[in-house]
Amino acid sequence: FFCPGGTCINSSHRPNKPYSTPPLAIYGSVFAGLTNGQVVRFNGNATIEQKVFQADSKIVGGPIAGPAGQIVVTTANGTLYSLTKDLEVRWQRSVPGNLNGIPAYSADAVYVVSGDVLRAYNPFSGALLWNRNLGNGAGHGSASVGYGREIYMQTSGGKVFAYGEGWKYGVD
């Protein structure tokens, strides 16, 4: 896999279907998102396509590994998908705003940043647990979770935020 300019290419396997996200190697397989909305699972050395899932639009975030063996992806249409490692839908949610960023997870939540808001979803049911307004102009972004369960966000509006137990910190 090679990702020039944000588009990943594996020309020996799918020359007419460019990858839109970097691959995820886990569970003895390699998972990758495509610009045509597919999530593809390859065998461990990425030579044999084993399974394909068709999402509603271009994959823009993930795949990332979530709790209990799930694969999480987001799409250009604003859909958050939780898939099994066999690429079966566990749950899906329509998320307001632009989801053009990488989701994150902890043992008890999947996090996405869209429309100036950080949202936390139950990783097993997809139910919205809570949301936090990041302020006007934050936009969409990517999230990560620290060792102390802090949630860090980098937004398209140029701000970096951190949430922890009862605190919020923003950096311009």
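Conventions adopted
- Note on numbering: residues in each chain are counted from 1, in written sequence order.
- Owing to the predicted nature of the model, reporting of local features is limited to residues with pLDDT of at least 70; listing and counting of side-chain atom pairs is limited to 80 or more, with chain, interface and lining totals taken over all residues.
- Hydrogens and water molecules were not included; the side-chain quantities draw on all heavy atoms of the structure.
- Only DSSP runs of H or I with at least four residues qualify as helices, and only runs of E with at least two residues qualify as strands; both kinds are numbered from the N terminus onward.
- We call a residue buried when its accessible area falls under 20% of the maximum for its residue type, exposed when it is over 50%, and partly exposed in between, using a 1.4 Å probe and counting protein chains only.
- Residues are treated as being in contact if the distance between any of their heavy atoms lies within 4.5 Å.
- For every accessible area listed, the method is Shrake-Rupley and the probe measures 1.4 Å; residues are considered covered only by the protein chains on display.
- If DSSP finds at least two bridges between two strands, the strands pair.
- The angle between two axes is taken between their N-to-C directions and runs from 0 to 180 degrees, where each axis is a line fitted to C-alpha atoms and a helix contributes only its stretch in contact.
- Note on terminology: a nonpolar core comprises buried Ala, Val, Leu, Ile, Met, Phe, Trp, Tyr and Cys residues joined through side-chain atoms within 4.5 Å.

Enquirer: Please explain the overall build of the protein as it appears in this structure.
Expert: Regarding its fold elements, the protein presents zero helices and 16 strands. The buried share of the protein, reckoned over its 172 residues, is 47%. Residue pairs in contact within the protein that sit at least 24 positions apart in sequence constitute 34% of those at least 6 positions apart. Carbon and sulfur atoms provide 50% of the accessible area of the protein, an area that totals close to 8000 Å².

Enquirer: Looking at this structure, I do not really get unusual backbone geometry. What am I missing?
Expert: Across the chain, the bulk of peptide bonds are trans and the bulk of non-glycine residues have phi less than zero. For the peptide bond that leads from Gly62 to Pro63, omega is 10°, which places it in the cis range. For Ala68, which is not glycine, the phi torsion reads 60° and is therefore positive. Note on placement: Ala68 falls in the loop between strand S5 (59–66) and strand S6 (70–75). A positive phi is found at Asp116, a non-glycine position, where the angle reads about 70°. Among the structural elements, Asp116 can be located in the loop between strand S10 (109–114) and strand S11 (117–121).

Enquirer: Explanation requested: the sheet that holds S5 in the structure shown.
Expert: The pairing of strands in a sheet happens through backbone hydrogen bonds and is either parallel or antiparallel. Reading across the sheet, the four strands line up as S5-S6-S7-S8 and stay open at both edges, with antiparallel pairing between neighbours. Where the open sheet ends on each side, the last strands, each with one partner, are S5 and strand S8 (89–94). Direction aside, the axes of adjacent strands within the sheet are offset by 15° on average. Both S6 and strand S7 (residues 79–83) contribute to a ladder of four bridges, which runs antiparallel. Within S7, the residue paired with Val73 across the bridge is Tyr81.

Enquirer: What is the right way to read the nonpolar core from this model?
Expert: Inside soluble globular proteins, nonpolar side chains tend to come together where they are buried. Counting 13 residues, the largest nonpolar core has Tyr111, Leu118, Leu134 and Met153 as its most contacted members. Listing elements by their share of this core, those giving two or more residues are S10, S11, strand S14 (151–155) and strand S15 (160–164). Among the elements that take part in this core, S10 stands out by supplying three residues, more than any other. Contacts of Tyr111, omitting those with residues within four sequence positions, involve Pro103, Ala104, Tyr105, Ser106, Leu118, Arg119, Ala120, Trp130, Ala143, Val145 and Ile151. Among the nonpolar cores identified, the runner-up in size contains 12 residues, and Leu24, Val39, Phe53 and Leu83 belong to it.

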